[in-house]
Amino acid sequence: MQAGTDTGVTTPAPHSQARNESRGMWLGLVGVAVFSLTLPFTRIAVAELNPAFVAFGRAVVAGLCSLVLLAWVRAPRPDARQLRGLIITALGVVVGFPLFSSIAMRHVPAAHGAVVVGLLPLATALFGALRFGERPSGGFWLAALAGSGIVIAFALREGGGSFQPADFALFAAVVTAAMGYAEGGRLAQTMGGQNVIAWALVVSLPVMVPVSVWLGWQYGITASAPAWLAFAYVSLFSMFIGFFFWYKGLALGGIARVGQVQLLQPFMSLLGAAVIAGEALDASNLLFALAVIAVVAVGRRMAVRR
């Protein structure tokens, strides 16, 4: 560390800052790699298990792990204001995205979902702007409209000129995830990213446990080993461990810089769908994914005044 001005504020030395940014990029990449396999593994799980059970059951597993983690690190309890933010975060990333994406994966390939969900980085930035009073530039709004137009064109093309019910579920998944990312990102500034996801999961447990038990009893939990292994992945990695790398990377390297790594997620998901779920790599899917990523990359560079 080097001395700051007369105010007593210290700033990181340039080499220390560069090292943190580099480490943050790598940690962010690990987090994105973990998240990129969520759709392929979800598709495998919901092929034999009820989609709602997969969505809520994975939150129960991750929530129980969170209880152990919070007790181990002796995390302070959130105050009333933080609790409200945690509820919003949970509605987005613990309930909304898992539920809507699980429903969608029953009806469309993971590769299809990867293209639509590729709009998530821009949606997160948009939600943050609307939620926290930021003022996006005209260029940002144009990029948002262009990205949405590409995704809509893709969905219409895949659906033979009309939207499939799964497309609406995917759109809902993107909106709810963006809400949860934006709110959780704000909370992480004061609570720490690890505590944010852990408390969001714990807050949701009183609802998730009875609902999961009822769904398991109602629809059964008989499934093959691959389906349960896929369920284990989305429970432990997608819902829990992946957030540790992601939030830590954002904290070290900065949200704007490390957030760019998320642009690789659609391609990783397409590759994961081919390797894990046995889906064919479609050239048109890759082209649409590239178009979405290009627009998102441009949009994230546009000014957003605070």
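Residues numbered from 1 in each chain as written. Predicted model: local features only at pLDDT ≥ 70, side-chain atom pairs only at ≥ 80, totals over all residues. Heavy atoms only, no water.

### So, the overall build of the protein
Part 1: Helix and strand counts for the protein stand at 13 helices and two strands.
Part 2: Here the protein, with 306 residues, has 49% of them falling under the buried criterion.
Part 3: Taking the contacts inside the protein whose residues are at least 6 apart along the sequence as the reference set, 86% of them involve residues at least 24 apart.
Part 4: On the protein, roughly 14300 Å² of surface is accessible, and the fraction owed to carbon and sulfur atoms is 68%. (Helix = DSSP H or I, 4+ residues; strand = E, 2+ residues; numbered from the N terminus. Buried < 20%, exposed > 50% of the residue type's maximum accessible area, 1.4 Å probe, protein only. Contact = heavy atoms within 4.5 Å. Areas by Shrake-Rupley, 256 points an atom, 1.4 Å probe, with all protein chains shown as cover.)

### Re unusual backbone geometry
Part 1: One non-glycine residue with positive phi stands out, namely Arg-74, at about 55°.
Part 2: As for its placement among the helices and strands, Arg-74 is situated in the loop between α3 (51–73) and α4 (80–105).
Part 3: Of the residues examined, Arg-74 reaches a relative accessible area of 75% and is grouped as exposed.

### Structural notes on the packing of helix α2 (residues 38–46) against helix α5 (residues 110–117)
Part 1: One can describe the packing of α2 onto α5 by two numbers: an axis separation of 9 Å at closest approach and a directional angle of 140°. Relative to α5, the element α2 is oriented oblique. The two elements α2 and α5 meet at a crossing, and its hand is right-handed. Contacts from Leu-39, Pro-40 and Arg-43 of α2 reach α5 at Ala-110, Gly-113, Ala-114 and Val-117.
Part 2: Per-class residue counts for the contact of α2 with α5 are five nonpolar, one polar and one charged. (Axes fitted to C-alpha atoms, helices over the stretch in contact; angles between N-to-C directions. Parallel < 35°, antiparallel > 145°, perpendicular 65-115°, else oblique. Left-handed = near helix turned anticlockwise from the far one by under 90°. Nonpolar A, V, L, I, M, F, W, Y, C, P; charged D, E, K, R; others polar.)

### Considering the layout of surface pockets
Part 1: A volume near 280 Å³ is recorded for the second largest pocket.
Part 2: As for the second largest pocket, its lining consists of 16 residues, and the residues nearest its centre are Leu-119, Ala-123, Leu-126, Ser-148 and Val-174.
Part 3: The set of elements that each furnish at least two residues to the lining of the second largest pocket consists of α6 (120–131), α7 (138–158) and α8 (165–191). (1 Å grid on protein atoms, 1.4 Å probe; cavity = no way out; pocket = protein on both sides within 12 Å on 5 of 7 lines; lining within 4 Å. Points joined across faces, edges and corners; volume = space filled by probe spheres on them.)

### With respect to the environment of Val-261
Part 1: Mapping Val-261 onto the fold places it in the loop between α11 (255–259) and α12 (265–275).
Part 2: Separated by 236 residues in sequence, Val-261 and Met-25 place their C-alpha atoms 7.2 Å apart.
Part 3: For Val-261, the residues in contact, after removing those within four places along its chain, are Met-25, Gly-28, Leu-29 and Val-32.

### Notes on empty space enclosed by the protein
Part 1: Throughout the structure, instances matching the rule amount to one cavity of 30 Å³ or more.
Part 2: In this model, the largest cavity occupies a volume close to 290 Å³.
Part 3: Contributions of two or more residues to the lining of the largest cavity are made by α2, α4, α5, α6, α8, α10 (225–253), α12 and α13 (283–301).
Part 4: Counted by class, the lining of the largest cavity contains 16 nonpolar, six polar and one charged residues.

### Overview of a nonpolar patch on the surface
Part 1: Together, Phe-267, Leu-271, Val-275, Leu-281, Leu-286 and Leu-290 give the surface a local cluster of nonpolar side chains, amounting to about 550 Å² of exposed area.
Part 2: The topology assignment puts Leu-286 in helix α13. (Patch = residues over 30% accessible without salt bridge, like charges linked within 9 Å, V, L, I, M, F, W, Y side chains within 5 Å. Salt bridge = Lys/Arg side-chain N within 4 Å of Asp/Glu carboxyl O.)

### Considerations on the nonpolar core
Part 1: Residues Val-94 and Met-105 are the most contacted members of the largest nonpolar core, which totals 84 residues.
Part 2: Once you skip the residues sitting within four places of it in the chain, Val-94 turns out to touch Ala-55, Ala-59, Thr-89, Ala-200, Leu-201, Ser-204, Met-208 and Met-239. (Core = buried A, V, L, I, M, F, W, Y, C linked by side-chain atoms within 4.5 Å.)

### Quick word on the confidence of the model for the protein
Part 1: Per-chain confidence: the protein averages 84 in pLDDT, with 89% of residues scoring 70 or above.
Part 2: The low-confidence segment residues 1–10, where pLDDT is below 50, has eleven contacts with residues more than four positions distant or belonging to other chains. (pLDDT = per-residue confidence, 0-100.)

### Looking at the side chain of Asn-195
Part 1: In this structure, Asn-195 sits in helix α9 (residues 193–219).
Part 2: For Asn-195, the contacting residues outside a window of four places in its chain are Leu-70, Val-73 and Ala-75.

### Quick word on the pattern of salt bridges
Part 1: Evaluated as defined, the whole model comprises one salt bridge.
Part 2: A salt bridge links Glu-279 to Arg-43, with the nearest nitrogen and oxygen atoms 3.3 Å apart. With Glu-279 in the loop between α12 and α13 and Arg-43 in helix α2, this pair connects stretches of sequence that are 236 residues apart.
Part 3: Since its relative accessible area comes to 13%, Glu-279 is described here as buried.
Part 4: Judged by relative accessible area, which is 27%, Arg-43 ranks as partly exposed.

### Overview of α12
Helical geometry note: an α-helix holds 3.6 residues per turn, so side chains three or four residues apart project in the same direction.
Part 1: Buried within α12 are the following residues: Gln-265, Pro-266, Ser-269, Leu-270, Gly-272 and Ala-273. One side of α12 holds all its buried residues, which, seen down the axis, span an arc of 165°. Residues of α12 that are exposed and point over 90 degrees away from its buried face: Leu-271 and Val-275. (Arc of directions from axis to C-beta.)

### Section: the packing of aromatic side chains
Part 1: Throughout the structure, instances matching the rule amount to twelve aromatic pairs.
Part 2: An angle of 25° between the planes, with centres 4.4 Å apart, marks the rings of Phe-41 and Tyr-233 as stacked. Here Phe-41 is found in helix α2, whereas its partner Tyr-233 is found in helix α10, with 192 residues between them in sequence.
Part 3: For Phe-41, a relative accessible area of 17% corresponds to the buried category.
Part 4: Exposure remark for Tyr-233: the relative accessible area of 13% places this residue in the buried category.
Part 5: Aromatic rings pair up to connect Phe-35, Tyr-181 and Phe-243 into one cluster. (Phe/Tyr/Trp six-rings, centres within 6.5 Å; stacked < 30°, edge-to-face > 60°.)

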